[in-house]
Structures are given as C-alpha cells and as structure tokens.
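Single-letter residue listing:
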Amino acid sequence: MSGPIILYDTTLRDGSQREGLVLSLADKLKIARRLDEAGFPYIEGGWPGSNPKDEEFFAAARSMTFRHARLAAFGSTRHRSHSVETDPNIRALLEAATPVTTIFGKSWLLHVTRVLGATAEENLAMIGDSVAHLHAAGREVIYDAEHFFDGYKADAAYALATLRAAIAAGATTVVLCDTNGGCLTDEVADLTRAVAAELGTETTLGIHVHDDAGLAVANSLAAVQAGARHVQGTINGYGERCGNANLVTICANLGLKLGLATVPDGSVLGWLPELSRFVAEVANIAPDAHAPYVGTSAFAHKGGVHGAATERLEQAYQHVDPALVGGQSRLVVSELGGKANAAWRVRQLAHLMTDGLDPAELSRLVKQLESEGASFEGADASFELLVRRRHPEYRAPFRIVDFTVLVERRNGAESRAEASVKVEVDGEVLHTAADGNGPVNALDLALRKALGAFYPALDAVHLVDYKVRILDGEAATGARTRVSIETGHETGTWITAAADANIIAASLAALHDSLEYAIWRLDAQPERRDERTSSRIAIARRDERQPAEEAS
Ligand SMILES: [Zn+2]
C-alpha cells in the first residue's frame, strides 16, 4: 500500500473527551467545515449511540456538502447478547447515515473476558458480525483495534485474529490503538512492523495513540515508518487525560522531516497555524504559545546570545524555516535580549515605517519602558503599536477621554460593577456605560459599546484570555500589576499588555492597545450608524446638562 499518508481527524469525538472542553452542536459543525476546507479526507463526527448531541450532529451534517472529507460515525461492536440487527449501538451507527463507519472492538483478551464478559470466540464473532453488517449496508468500515499493543504483548496470535476477523468481514482499514497511551516508541515500531508483515499490503494499516507517556507524536511517526498509512489524531492533541496524538505536529513532521506526502496536502503546511488557532478559539482553550511549529513562541528567540545570532543567521537557532509552516521567526523583546532583538523586530516591522526608526533608539525606549514596569514580552501587538505610534503620520483611531468605574455591594448582595467611558473618534465624543460581572468586564463592555458604534467591525473581535501578574510582590497590595490580554478574531489572535500600580488602569491600557490593534489589523474605517447619531445627540444633551445640574 503506497500513496500519501491519510490523516484521520477525531477532534470532534476523541478530542472532545478532554476535561474542560465543551463543544456545542454549532461548534462541532464549524470545526467540521474548517477541517473539510483544510482538505482532511476523514472527519470522525462523534459516537451516535452514546449521546443525543452526536446524533444531532450527524442529522445536521447530512445537509452539509463536504468537498474533501468523508464523515465517519464511531461506535462499538455489537453487544455480546444482541444480534447485529437488534443492537441499539449498531442501529444508531446506521441511522447516522455516514459514508464511513469506524467500529472499535477488543484485541486484548483481558478486556474480552473481564470487561465484556465474553469468550475469545464470542468476541471474534462480535467483530465479524458488526463489520459485515455495516459493510453490507454500503459503509466503508474502518476497524479500530482498541488496546491493540497491550493485547498483542499479552497474546499476539489472538490480537492478530481480531484484525483478521475485521478484514474478512469487509474492513478496509484496521487501526492499531494504544488506548492507554503508555507504549514506548520502539515497541510501537516493532509491533506495527510485525503486523504489517502479517497482513500484507491489501489492508490499510492505521495508528491511533494517546499521549500518556508524552510519546503520541513520536509513536505515530514510528508507526508510519513501520508501515502504517493511516494516522488518527486530533487538532492540538486535545483528548482525554494527556490527550491524543497531535495531528498538527504530525502533519508538519511527516512533511518537513520525513518528506512524506500527506492528505491534507503536506506540501502546503501554511494552513496549520490558522487551523490550530481556529480550533482552539472554537473550543475556547487558550492557544498553546509553545506548541511545536504553530505556537506563537515556536520560533521566538529570547536570550541575548540567541537573539544576536538569529539576527545574523536565521537558521542558526531554528530547526526549520518558519515560513514553511506559515510563521516567521520572532525575537522576544525583553530586557534579557540585547539591542539585536529590538533591531531585528524593527526590521521585521520595516514595512510600517517609511522614515525608519533607529533600532538603537527603539531598544533604549523599550528598556526604559520595561524598567518602568512595562513588559512587551509576548505582547507583540503592543510592541507593534509602540513602533507604529512613533511614525510621524500615525493617527490614533480613537482617544479615551475619561472613564469611571464603580464597584459596589449592598446589603450583602452580590457585588456589581458599572463602568462608563468617553471616547473620541474624529472629533466626535461618545459616552457609554455598561454593567459587568467585575470592573474590567464592565470597562471592556463600555469601551466596546462606544467603539463599536464607530467601528462595527469590532463586533467580531472578542476577549480570549485575560491574565494578571504581580510585578513586585514585595510591595504587596501596592505592587505594580501587569495585565496581558489576548484578543481573538477569526483571522487570528494577538496579545497586548500594560503595567500600572492600578490594576484597572493597566487593564484599560491593555484593552486600549488590543482594540487599537484590532482596528488597524482589520483595516476598519469609522462608520456612521443611525443609532449612533441618535444616541450621540442624546448623550451630548445629557453632557451639556450636567454642569448646570451640578451648579444647582
Ligand atoms: Zn482514543
């Protein structure tokens, strides 16, 4: 069996087992659509026999057109005491009406006897019947051999017999699973090679591993080198316990390190960062900045020595050209880095500056601001704004004229927060107020309400993460606080940061940067909304009235 390595995505099924990850029906459909656009040939949508949401997913997916992907429903072999015709799980699989059915069964006698309470022969019959029934119904059947490696170590002949039962019944792909995720890489390689030799080239061999020993990516690659052509995993490695094999990392390694063609097309790896971020966004999990290949820190160089060397010779401190995975190297701007870091960043931002900005001057400025508590490390959007704002032609898209935040608790009730802001755009001032579950939330809402009236494009921008760090803990409650905000849009995420002794002021400054950056990034132009005009007049009247009222 040759041809490209086939990637099979199970983010929507196995990936959603991750603690804290909840995907709504709409989320699942969104991710499926994006995986299809990326070119995935298989998308496992869920386990229709296990929960109603997965059944709804398959019902909704029937009206969608997939350009590349074949949708797979996942489920177990028939129950020991049911016939295939009456087994509710098998019925649900058929009702899902997907072109592909992935059925899992037991390869490990320990599980057969102790978990299923079946005999070795009964289990083979359960596998054969289930696969044959689905195959006869016109489905492409993929067979997942659960706990295969552990089963093979315990009884190789029996583990192989389970695969043969599935193949004889019509399964065209059999997948070796390290369900407990504890196998070492050489074991996976040796066993996969042995199975490949036993099965010959008629059947496609697959691999599905979990990351409990931190080896899921390595084990998947080893299996491919030993003969597997089908690789199951999840975007960003989401999954139960320590996660599944990370398809993003696998895809990059297959293409860039092993020179193997993959479906989706491994020669165009530029789509990986975007896909990784998109799924993180939809799953509402902060993207891992340190993820291989696609994290924002994947090609970030911090130390002064590395920084200086990277400036001279980019390949010196990175294993691949970041451009191959849609990224670029980045030097972390911080006091640990020397002048080269700042100089290099300035050069990367050169397109922003026609008059140029002296790197030495910028480096001095960064150091001075950082000595005052600012920290641009990881906050590339704030750094970029720092550079942009020094351009003689830069015009701020808005100005925060003033703000008020009120936090109160009355009679032991829950505390509430209210914020009001006055924002000026193009000489017009808008005054808005909002309630929030805390002062920063209220401020964020009020600021967005004001800016959203001028820049409706900001409606699609949202807060991804908000972090607070105490800079000088010795000063206790008088300490300076660094606030960093990650903001998301469907085109990506960016991080801004600010520091101040006042946590509200630091938050507002970071929010300010975040939204100013968004306006620039989205190339948003101020718009006039009818509501805005009317509310502005009302507000203006109220503003005019206030001094008089105060006077009286
Ligand atoms: Zn799994």
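Being a predicted model, the structure only gives us computed values, none of them experimental. (Residues numbered from 1 in each chain as written. Predicted model: local features only at pLDDT ≥ 70, side-chain atom pairs only at ≥ 80, totals over all residues. Heavy atoms only, no water.)

Asks: Help me understand the overall build of the protein chain, please; the structure alone is not making it clear to me.
Replies: The secondary structure content of the protein chain amounts to 18 helices and 17 strands. Relative to its 552 residues, the protein chain shows a buried fraction of 52%. Restricting to contacts in the protein chain with at least 6 residues of sequence separation, those with at least 24 account for 68%. Accessible surface, the protein chain: about 24,400 Å² in total, of which carbon and sulfur atoms supply 51%. (Helix = DSSP H or I, 4+ residues; strand = E, 2+ residues; numbered from the N terminus. Buried < 20%, exposed > 50% of the residue type's maximum accessible area, 1.4 Å probe, protein only. Contact = heavy atoms within 4.5 Å. Areas by Shrake-Rupley, 256 points an atom, 1.4 Å probe, with all protein chains shown as cover.)

Asks: So what exactly am I meant to see when it comes to the pairing of strand E5 (residues 140-146) here?
Replies: The buried fraction of E5 amounts to 7 of the 7 residues, a majority that puts the element mostly inside the structure. Residues Glu140, Ile142, Asp144 and Glu146 line one face of E5 and the alternating positions Val141, Tyr143 and Ala145 line the opposite face, and both faces are buried. As defined by bridge partners, strand E4 (residues 100-106) adjoins E5 across 7 bridges and the pair is classed as parallel. Note that in E5 the partner of Thr102 across the bridge is Ile142. (Pairing = 2+ DSSP bridges.)

Asks: What am I meant to see in the nonpolar core here?
Replies: Within soluble globular proteins, side chains that are nonpolar generally end up buried alongside one another. Counting 82 residues, the largest nonpolar core has Phe40, Val131, Tyr143, Leu163 and Val195 as its most contacted members. Top element by residues in this core is helix H11 (residues 272-283). It accounts for 7 residues. The residues contacting Leu163, other than those within four sequence positions of it, are Tyr143, Ala145, Phe148, Val174, Leu176, Val195 and Leu199. One finds Leu385, Ile400, Val425 and Ala506 within the second-largest nonpolar core, a separate group that totals 36 residues. (Core = buried A, V, L, I, M, F, W, Y, C linked by side-chain atoms within 4.5 Å.)

Asks: Looking at this structure, how should I read the coordination of the zinc ion?
Replies: Coordination angles at a metal have ideal targets, namely 109.5 degrees for four tetrahedral donors and 90 or 180 degrees for six octahedral donors. The protein atoms that coordinate the zinc ion are Asp14 (OD), His208 (NE2) and His210 (NE2), at distances of 2.0 to 2.1 Å. Going along the chain, you hit the donors of the zinc ion in the pattern D-x193-H-x1-H. Relative accessible area serves as the criterion here: at 4%, His210 is assigned to the buried category. (Donors = N, O, S within 2.8 Å, 3.2 Å for Na, K, Ca; no water.)

Asks: Looking at this structure, I do not really get the environment of Ala165. What am I missing?
Replies: Assignment of secondary structure puts Ala165 in helix H7 (residues 156-168). On the basis of relative accessible area, Ala165 is assigned to the buried category, the value being 17%. Look past the residues within four positions of Ala165 in its chain and what remains in contact with it is Leu124, Ile127 and Gly128.

Asks: Looking at this model, I keep getting lost on the environment of Ala450. Mind explaining?
Replies: By secondary structure assignment, the location of Ala450 is in helix H16 (residues 439-454). The spacing of Ala450 and Val425 is 25 residues in sequence and 9.8 Å in space, taken between C-alpha atoms.

Asks: I tried to follow the pattern of salt bridges on my own but got confused; where do I start?
Replies: When the charged atoms of two side chains lie near each other, side chains of opposite charge can form a pair. The tally for this structure, following the rule as stated, stands at 24 salt bridges. A salt bridge links Asp14 to Arg13, with the shortest nitrogen-to-oxygen separation between them at 3.2 Å. One salt bridge in this structure joins Arg241 and Asp212, with 2.6 Å as the shortest N-O distance. Of this pair, Arg241 sits in the loop between strand E8 (230-233) and helix H10 (247-256) while Asp212 sits in the loop between strand E7 (204-209) and helix H9 (216-225), and the two are 29 residues apart along the sequence. (Salt bridge = Lys/Arg side-chain N within 4 Å of Asp/Glu carboxyl O.)

Asks: In this structure, what is going on with a nonpolar patch on the surface? I would like to understand it.
Replies: Together, Val468, Ile470 and Ile503 give the surface a local cluster of nonpolar side chains, amounting to about 240 Å² of exposed area. Within the secondary structure, Ile503 sits in helix H17 (residues 503-521). (Patch = residues over 30% accessible without salt bridge, like charges linked within 9 Å, V, L, I, M, F, W, Y side chains within 5 Å.)

Asks: Would you mind going over the sheet that holds strand E16 (residues 481-489) with me for this structure?
Replies: Through backbone hydrogen bonds, the strands of a sheet pair up, either in parallel or in antiparallel fashion. Judged by pairing direction, the sheet is antiparallel, and its 3 strands sit side by side in the order E15-E16-E17 without closing on themselves. Pairing within the sheet leaves two strands with one partner each, and these edge strands are strand E15 (462-470) and strand E17 (492-500). Ignoring which end each strand starts from, the neighbouring axes of this sheet average 15 degrees apart. (Axes fitted to C-alpha atoms, helices over the stretch in contact; angles between N-to-C directions.)

Asks: What am I meant to see in the confidence of the model for the protein chain here?
Replies: Should the pLDDT be low somewhere, the predicted coordinates at that spot are not to be read in detail. For the protein chain, per-residue confidence averages 86 on the pLDDT scale, and residues scoring 70 or more make up 85% of the total. Note that residues 534-552 has pLDDT below 50 and, in this model, 9 contacts with residues that lie over four places away or in other chains. (pLDDT = per-residue confidence, 0-100.)

Asks: Mind showing me how you'd approach the sheet that holds strand E13 (residues 416-425) here?
Replies: Taken together, 3 strands build an open sheet; the order of strands is E12-E13-E14 and the sheet is antiparallel. Whereas interior strands pair on both sides, the edge strands pair on one side only; in this sheet they are strand E12 (399-408) and strand E14 (428-436). Averaged over all adjacent pairs, the angle separating strand axes in this sheet is 10 degrees, with direction ignored. Pairing geometry for E12 and E13, over 9 bridges, is antiparallel. Residue pairing in the sheet places Val407 in a bridge with Ala417 of E13. In the packing of H16 onto the sheet, contacts are made with E12, E13 and E14, and the angle to E14 comes to roughly 145 degrees.

Asks: Teacher, can you tell me more about unusual backbone geometry here?
Replies: Most peptide bonds take the trans configuration, and most residues that are not glycine carry a negative phi. Cis geometry is adopted by the peptide bond preceding Pro264, which originates at Val263 and carries an omega value of 5 degrees. Of note, Pro264 is situated in the loop between strand E9 (262-263) and H11. Positive phi, close to 50 degrees, is recorded for Asp523, a residue that is not glycine. Following the sequence through the fold, Asp523 ends up in the loop between H17 and helix H18 (530-551). Relative accessible area serves as the criterion here: at 57%, Asp523 is assigned to the exposed category.

Asks: I'm lost on the side chain of Thr179 in this one. Help?
Replies: Among the structural elements, Thr179 can be located in the loop between strand E6 (173-178) and helix H8 (185-199). Look at Thr179 and you get buried, because its relative accessible area is 18%. At 2.9 Å, the side chain of Thr179 and the backbone nitrogen of His147 are in polar contact. What Thr179 contacts, discounting residues up to four positions off in sequence, is Glu146, His147, His210 and Arg241. (Polar contact = N/O pair within 3.5 Å; in protein donor to acceptor, adjacent residues only side chain to side chain.)

Asks: Mind showing me how you'd approach H9 here?
Replies: One turn of the α-helix equals 3.6 residues, which is why residues spaced by three or four share an orientation. For H9, the tally of buried residues reaches 8 of 10 residues, placing the bulk of the element in the interior. Regarding H9, the residues found buried are Ala216, Val217, Asn219, Ser220, Leu221, Ala222, Ala223 and Val224. Along its buried surface, H9 packs onto strand E1 (5-9), H8, E7, E8 and H10.

Asks: Is there a simple way to explain the pairing of E1 in this structure?
Replies: Taken residue by residue, a regular strand's side chains alternate between the two faces of the sheet. Counting buried residues along E1, 4 of its 5 residues qualify, which places the element largely inside the surrounding structure. Bridge count for E1 against E9 is 2 bridges, and the pairing is parallel. Following the sheet pairing, Ile5 is matched in E9 by Thr262. In this structure, E1 lies alongside E8, joined through 4 bridges in parallel fashion. Within E8, the residue paired with Leu7 across the bridge is Val231.

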